[in-house]
Amino acid sequence: MRCQKTIALVVAAVIAVLFPTIAEACPVCYGDSDSAMAQGANNAVLFLLGVVLLVQAGFVALFYTFWRRSTALRRKREQFRLIQGMRL
């Protein structure tokens, strides 16, 4: 397993040395920032940020729901406390 990782790393380094145009940075960094590929990369970043925000909003909603349910359960349990010294 370790040998395969080493071989893959060596092959990637050889490709990067033999074909430097393939190993260049994206067109946003070194190319025309108004090209279709750069706009596509920008749109992809915005889409992924939107997905992350939706997941975080889902977690906030989940914990808010847990908080509301625990508050309601606590109120319901407090109704059945001691009544005039007797236990229910």
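The model shown is predicted, which means the values in this text are computed figures rather than measured ones.

**Description of the overall build of the protein chain**
Link 1 in the chain: In terms of helices and strands, the protein chain carries three helices and zero strands.
Link 2 in the chain: In sequence order, the secondary structure elements of the protein chain are arranged as α-α-α.
Link 3 in the chain: In the protein chain, which comprises 88 residues, the proportion classed as buried is 2%.
Link 4 in the chain: When the accessible area of the protein chain is evaluated, it comes to approximately 8,400 Å², of which 67% is carbon and sulfur surface.

**Here's the deal with a nonpolar patch on the surface**
Link 1 in the chain: Where nonpolar side chains cluster on the molecular surface, the patch consists of Ile7, Val10, Val11, Val14, Ile15, Val17, Leu18 and Phe19 and spans about 740 Å² of accessible area.
Link 2 in the chain: Examined against the element boundaries, Ile7 turns out to sit in helix H1 (residues 2–18).
Link 3 in the chain: Of the residues examined, Ile7 reaches a relative accessible area of 47% and is grouped as partly exposed.

**Notes on the confidence of the model for the protein chain**
Link 1 in the chain: Per-residue confidence for the protein chain gives a mean pLDDT of 83; residues scoring 70 or more make up 78%.
Link 2 in the chain: Confidence, expressed as mean pLDDT per element, reaches its minimum in the protein chain at helix H2 (residues 27–30) with 64 and its maximum at helix H3 (residues 36–79) with 93.

**Examining the side chain of Thr71**
Link 1 in the chain: Residue placement: Thr71 occurs in helix H3.
Link 2 in the chain: In this structure Thr71 comes out as buried when scored by relative accessible area, which is 15%.

**Brief notes about the packing of aromatic side chains**
Where two aromatic rings form a pair, the distance of their centres and the angle of their planes describe that pair.
Link 1 in the chain: By the definition in use, this model includes two aromatic pairs.
Link 2 in the chain: Ring geometry for Phe63 and Phe66: centres 6.1 Å apart, planes at 75°, overall edge-to-face. On the criterion of helical spacing, the pair formed by Phe63 and Phe66 is a turn pair, its members being three residues apart in helix H3.

Rules used throughout
Residues numbered from 1 in each chain as written. Predicted model: local features only at pLDDT ≥ 70, side-chain atom pairs only at ≥ 80, totals over all residues. Heavy atoms only, no water. Helix = DSSP H or I, 4+ residues; strand = E, 2+ residues; numbered from the N terminus. Buried < 20%, exposed > 50% of the residue type's maximum accessible area, 1.4 Å probe, protein only. Areas by Shrake-Rupley, 256 points an atom, 1.4 Å probe, with all protein chains shown as cover. Patch = residues over 30% accessible without salt bridge, like charges linked within 9 Å, V, L, I, M, F, W, Y side chains within 5 Å. Salt bridge = Lys/Arg side-chain N within 4 Å of Asp/Glu carboxyl O. pLDDT = per-residue confidence, 0-100. Phe/Tyr/Trp six-rings, centres within 6.5 Å; stacked < 30°, edge-to-face > 60°.

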